[in-house]
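Chain and residue survey
If you want the building blocks of each chain, they are given just below.
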Amino acid sequence: MKDCWMASKRSKDGDLEPDYRRFPSGIKSLADKVHSMGLKFGIYESAGYQTCQHLPGSLGFEEQDAKLFASWGLLPSGFAYGRG
């Protein structure tokens with residue numbers, strides 16, 4: 001999944017959160033459904049401070065984000081770097 005899956009701000013604990021308007025059941029629920037169909041599912045995140053759409057990037061949160069993606073049963077499918 002490409003950019004714009006996440007909310008515009010991290011949670012108070014610093015976790016990325018899905019944009020619940022677009023994904024009301026969350027990313028884990030979506031990933032579980034995709035995996036149940038025998039398909040693979042990857043997720044995009046920026047290696048910088050922000051994504052190309054000015055949403056939260058992983059810089060400074062690399063380990064935390066990796067653990068979050070793993071808890072959802074995902075591995076990042078691509079990292080981009082934005083200066084933002």
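This is a predicted model, so every value here is computed, not measured.

The next subject is the overall build of the chain. Of regular secondary structure, the chain possesses 2 helices and 2 strands. Within the chain, buried positions represent 38% of all 84 residues. Excluding contacts between residues fewer than 6 apart, the proportion of contacts in the chain whose partners are at least 24 apart in sequence is 62%. As presented, the chain carries roughly 5300 Å² of accessible surface, and 55% of it is formed by carbon and sulfur atoms.

Before going further, it helps to spend a moment on the side chain of Ser46. In this fold, Ser46 is placed in strand 1 (residues 43-46). Ser46 sits in the buried class, given a relative accessible area of 0%. Here Gly48 takes part through its backbone nitrogen, which lies 2.9 Å from a polar atom of the side chain of Ser46.

To continue, consider the nonpolar core. Trp5, Ile27, Phe41, Ile43, Phe69, Trp72 and Leu74 are the most contacted members of the largest nonpolar core, which has 14 residues in total. Breaking this core down by element, the ones donating at least two residues are helix 1 (26-36) and helix 2 (62-71). Examining the composition of this core, we find that 3 residues originate from one element, helix 1, more than from any other. Once residues within four sequence positions are removed from consideration, Leu74 is found in contact with Ile27, Ala31, His35, Phe41, Ile43 and Phe69.

A word on the confidence of the model for the chain. Per-residue confidence for the chain gives a mean pLDDT of 89, with 89% of residues at or over 70. Mean pLDDT across the elements of the chain bottoms out in strand 2 (residues 76-80) (61) and peaks in helix 1 (95).

Reading guide: rules and limits
Residues numbered from 1 in each chain as written. Predicted model: local features only at pLDDT ≥ 70, side-chain atom pairs only at ≥ 80, totals over all residues. Heavy atoms only, no water. Helix = DSSP H or I, 4+ residues; strand = E, 2+ residues; numbered from the N terminus. Buried < 20%, exposed > 50% of the residue type's maximum accessible area, 1.4 Å probe, protein only. Contact = heavy atoms within 4.5 Å. Areas by Shrake-Rupley, 256 points an atom, 1.4 Å probe, with all protein chains shown as cover. Polar contact = N/O pair within 3.5 Å; in protein donor to acceptor, adjacent residues only side chain to side chain. Core = buried A, V, L, I, M, F, W, Y, C linked by side-chain atoms within 4.5 Å. pLDDT = per-residue confidence, 0-100.

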